[in-house]
Amino acid sequence: MRDNDLHNGSFWFDSLDEPPGATPPASLPDRVDVAIIGAGYTGLWTAYYLKQQQPDLDIAVFEAMTAGFGASGRNGGWCMGLAWGIDGLLAVPRQQQAGIDLLNAMHDTVDEVGRICQAENIDCHYGKGGTLTVATLPFRVEAMRARVAHLHSLGYTDEDYTWLPEAESRHRIGSRWNFGAVYTTHCAAIHPARLVRGLARTVGGKGVRLFELTPVLDLEPGRVRTERGTVHADVVLRATEGYTESLPSQTRQVMPLYSMMVATEPLPEPVWEAIGLRRRETFGDGRRIVIYGQRTLDDRLAFGGRAGYYFGSERKPLIDPGDPMLDRVESNLREFFPALEGYAVTHRWGGLMGAPRHFRPCVSFDPDSGIGMAGGYVGEGVAASNLAGRMLSDLVLRQKTPLTRLAWVDDRARRWEPEPLRWMGAKMMQYAGDRADRAEFRNGRPSKFWDGLFSRVMG
Ligand SMILES: Cc1cc2nc3c(=O)[nH]c(=O)nc-3n(C[C@H](O)[C@H](O)[C@H](O)COP(=O)(O)OP(=O)(O)OC[C@H]3O[C@@H](n4cnc5c(N)ncnc54)[C@H](O)[C@@H]3O)c2cc1C
């Protein structure tokens, strides 16, 4: 388990070949071409694609801790071909094409991540087994089948999204409740920390300078101020996601929300006979307070659930494994898979994701100030950060490409409300979603009241 201050508490960091460390801080340059704040997927993918396109760019990435200390080194490892906001676009006829363009780009992104990992020798346990969304209540079947039908009406086929009837679904995943499932091929399971650490190594090999243990105090046009001095840069890019409030000029842009995870001990074959997931499909069940899981390459179950928000955007670098929110995640897991009885959970951790006010990703770059950003994935950023990184690098290099026409470009959200309104809204969202999920499980029918309230708070 944890053995140094740069450990983010996750099973993923624990299972790296080398314990997470940081390169000793080198002296800072006076000037670079591009300064990137944050060494998670967003910052590192952006650096990667900038270097691919313009190898002579002098790029520095500034990271407060170590590469992957944030969400990128702690997440559920769903490299998924969907992102927040796309279903909303697909539902409105005049925005449908924008939604289709984004969805296609996200599908391609799952393959792009696999392709780059192979090309760059990043062994992140990539396995494209798709994802299962299980109907855990009979009344959810209709809505799920309607979603598949809607996607088919837009040109997608059973190769992309298909409905698995109950018997087939039960064969694929041995969850306690299972009345059928939506299956999509557009998702890969990965080991998130191996991906982010591998990316850091890869961009380092291409000449990107990574300054770990170097918190940025704030950014301005033309420079970043760090705890270790100021660095001038033509281009300054923010890739700080759930930690964005650490920069005083960026407050209320992103709400830091927690997601919590647990991992079991490696499970023996008879348990896997009961649970299934033979292709390492990732899985969830479409409830409002989202749950998600994957079968790891070493045969554990890694399972998580979205959790909460702390007053004043408090950002805990580490989550105490005894946190009660983790009890809830563990009991959800055990409820979901009765076959786990008698098997231990060995790891419990959590991390920060970032939610902008409109709950959609945004990529933007202002050529006049030289300042840009990418993020706002609301807990679905493993693949989305790769697409965002490609988009941001095209914008920085002033290239007009199909990616720079996607709907995320400059789709800025208004700022979050000040406290205590923000805290009250977040609590209400969590409470209403939780009440709706529980009432539906208890009564076996839709919870109109709590669902209505949840939808209103979500806007
Ligand atoms: C528990 C959990 C489970 C998740 N599961 C999934 C999943 O299965 N699939 C999925 O698609 N998404 C998932 N997500 C979301 C996904 O992990 C994120 O969207 C993605 O990793 C965001 O990457 P990022 O690089 O933008 O941010 P981060 O990975 O958070 O990186 C930001 C980095 O910036 C650094 N930083 C912040 N402020 C400063 C500063 N002032 N100076 C210097 N450095 C700074 C931080 O230390 C951090 O390393 C999950 C998130 C969590 C927390």
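Here the structure is a predicted model, which means the values were calculated and not measured.

The rules behind these values
- Residues numbered from 1 in each chain as written.
- Predicted model: local features only at pLDDT ≥ 70, side-chain atom pairs only at ≥ 80, totals over all residues.
- Heavy atoms only, no water.
- Patch = residues over 30% accessible without salt bridge, like charges linked within 9 Å, V, L, I, M, F, W, Y side chains within 5 Å.
- Areas by Shrake-Rupley, 256 points an atom, 1.4 Å probe, with all protein chains shown as cover.
- Salt bridge = Lys/Arg side-chain N within 4 Å of Asp/Glu carboxyl O.
- Helix = DSSP H or I, 4+ residues; strand = E, 2+ residues; numbered from the N terminus.
- Axes fitted to C-alpha atoms, helices over the stretch in contact; angles between N-to-C directions.
- Parallel < 35°, antiparallel > 145°, perpendicular 65-115°, else oblique.
- Left-handed = near helix turned anticlockwise from the far one by under 90°.
- Contact = heavy atoms within 4.5 Å.
- Nonpolar A, V, L, I, M, F, W, Y, C, P; charged D, E, K, R; others polar.
- Phe/Tyr/Trp six-rings, centres within 6.5 Å; stacked < 30°, edge-to-face > 60°.
- Buried < 20%, exposed > 50% of the residue type's maximum accessible area, 1.4 Å probe, protein only.
- Lys NZ or Arg CZ within 6 Å of the ring centre and 35° of its normal.
- Domains from an automatic or database assignment.
- Polar contact = N/O pair within 3.5 Å; in protein donor to acceptor, adjacent residues only side chain to side chain.
- Expected span 1.5 Å × (residues − 1).
- Near = heavy atom within 4 Å.
- Pairing = 2+ DSSP bridges.
- Core = buried A, V, L, I, M, F, W, Y, C linked by side-chain atoms within 4.5 Å.

Draft legend 1. Structural context of a nonpolar patch on the surface. A cluster of nonpolar side chains, Phe311, Leu421, Trp423 and Met424, forms an exposed patch at the surface whose accessible area comes to about 410 Å². On the secondary structure map, phenylalanine 311 appears in the loop between strand 15 (301–306) and helix 9 (324–336).

Draft legend 2. Fine view of the packing of helix 2 (residues 41–53) against helix 10 (residues 384–396). It is at 8 Å that the axes of helix 2 and helix 10 come closest, and there the two elements cross at 45 degrees. Put simply, helix 2 runs oblique to helix 10. The handedness of the crossing between helix 2 and helix 10 comes out as right-handed. For the pair helix 2 and helix 10, the contacting residues are Tyr41, Thr42, Trp45, Thr46, Tyr49, Leu50 and Gln53 in the first and Ser385, Asn386, Gly389, Arg390, Leu392, Ser393, Asp394 and Val396 in the second. Here the contact of helix 2 with helix 10 is built from residues that sort into 6 nonpolar, 7 polar and 2 charged.

Draft legend 3. Representation of the packing of aromatic side chains in the model. Considering all chains together, one arrives at 19 aromatic pairs under this definition. Between phenylalanine 62 and phenylalanine 211, the aromatic rings sit 5.5 Å apart at their centres with planes inclined by 15 degrees, giving stacked as the arrangement. In this pair, phenylalanine 62 is assigned in strand 2 (residues 59–62) and phenylalanine 211 in strand 8 (residues 209–211), connecting sequence segments 149 residues apart. With a relative accessible area of 4%, phenylalanine 211 lands in the buried category. Grouped by ring-pair contacts, the aromatic residues Phe283, Phe303, Phe336 and Phe337 constitute a single cluster. Between the NZ or CZ atom of arginine 295 and the centre of the ring of tryptophan 272, over which it lies, the distance is 3.9 Å.

Draft legend 4. Structural view of the domain arrangement of the protein chain. Segmenting the protein chain into domains produces domain 1 (130–190 + 256–355) and domain 2 (421–458). Distance between the C-alpha centres of domain 1 and domain 2: 20 Å. There are 5 salt bridges connecting domain 1 and domain 2. At the junction of domain 1 with domain 2, the criterion picks out 7 residue pairs in polar contact (both at pLDDT 80 or more).

Draft legend 5. Summary view of helix 7 (residues 192–205). With 14 residues, helix 7 should cover 20 Å at 1.5 Å per step; its first-to-last C-alpha distance of 20 Å lies within 8% of that length. In terms of residue burial, helix 7 counts as a mostly covered element, since 11 of its 14 residues are buried. Every buried residue belonging to helix 7 is among Pro192, Ala193, Arg194, Leu195, Val196, Arg197, Gly198, Leu199, Ala200, Thr202 and Val203, and all of these are buried. For helix 7, the secondary structure elements touched by its buried residues are helix 1 (11–14), helix 2, helix 4 (96–119) and strand 8. At the exit of helix 7 stands glycine 207, carrying a positive phi of roughly 100 degrees.

Draft legend 6. Seen up close, the environment of threonine 162. Mapped onto the elements of the fold, threonine 162 is located in strand 5 (residues 161–164). A sequence separation of 133 residues divides threonine 162 from proline 29, and the C-alpha atoms of the two residues are 53 Å apart. Residue contacts for threonine 162: discarding those within four places in its chain leaves Val148, Ala181, Val182 and Tyr183.

Draft legend 7. Representation of the site of the ligand in the model. The full set close to the ligand counts 35 residues, and Thr42, Glu63, Ser72, Val216 and Val382 are the nearest of them. In the model, a nitrogen atom of the ligand is placed 3.0 Å from a nitrogen or oxygen of the tryptophan 78 main chain. With respect to the ligand, the side chain of serine 246 contributes an N or O atom lying 3.1 Å from a nitrogen atom. In the complex, 98% of the free accessible area of the ligand, which totals 1000 Å², lies under the protein chains. Those elements that provide at least two residues to the shell around the ligand are helix 2, strand 12 (255–264) and strand 16 (345–355). The class makeup of the residues in the shell around the ligand is 16 nonpolar, 15 polar and 4 charged.

Draft legend 8. Expanded view of the pairing of strand 18 (residues 371–375). With 4 of 5 residues buried, strand 18 lies mostly within the body of the structure. As defined by bridge partners, strand 11 (residues 229–238) adjoins strand 18 across 3 bridges and the pair is classed as parallel. Bridge pairing in strand 18 places arginine 238 opposite methionine 373. Relative to strand 18, strand 17 (residues 362–366) is paired through 5 bridges, and the arrangement is antiparallel. Across the sheet, aspartate 366 pairs through a bridge with isoleucine 371, a residue of strand 18. Here strand 17 folds back onto strand 18 in antiparallel fashion, the turn holding 4 residues, of which glycine 370 has a positive phi close to 80 degrees.

Draft legend 9. Molecular detail of the nonpolar core. Ranked by size, the top nonpolar core spans 76 residues in total, and within it Trp45, Leu195, Leu237, Leu387 and Trp408 carry the most contacts. In terms of residues, this core owes the most to one element, helix 4, which gives 9 residues. Non-local contacts of leucine 195, meaning those with residues more than four positions away in its chain, are made with Tyr41, Trp45, Val113, Cys117, Ile122, Cys124 and Ile190. In this structure, Tyr183, Val262, Ile291 and Ile319 belong to the second largest nonpolar core, which totals 29 residues.

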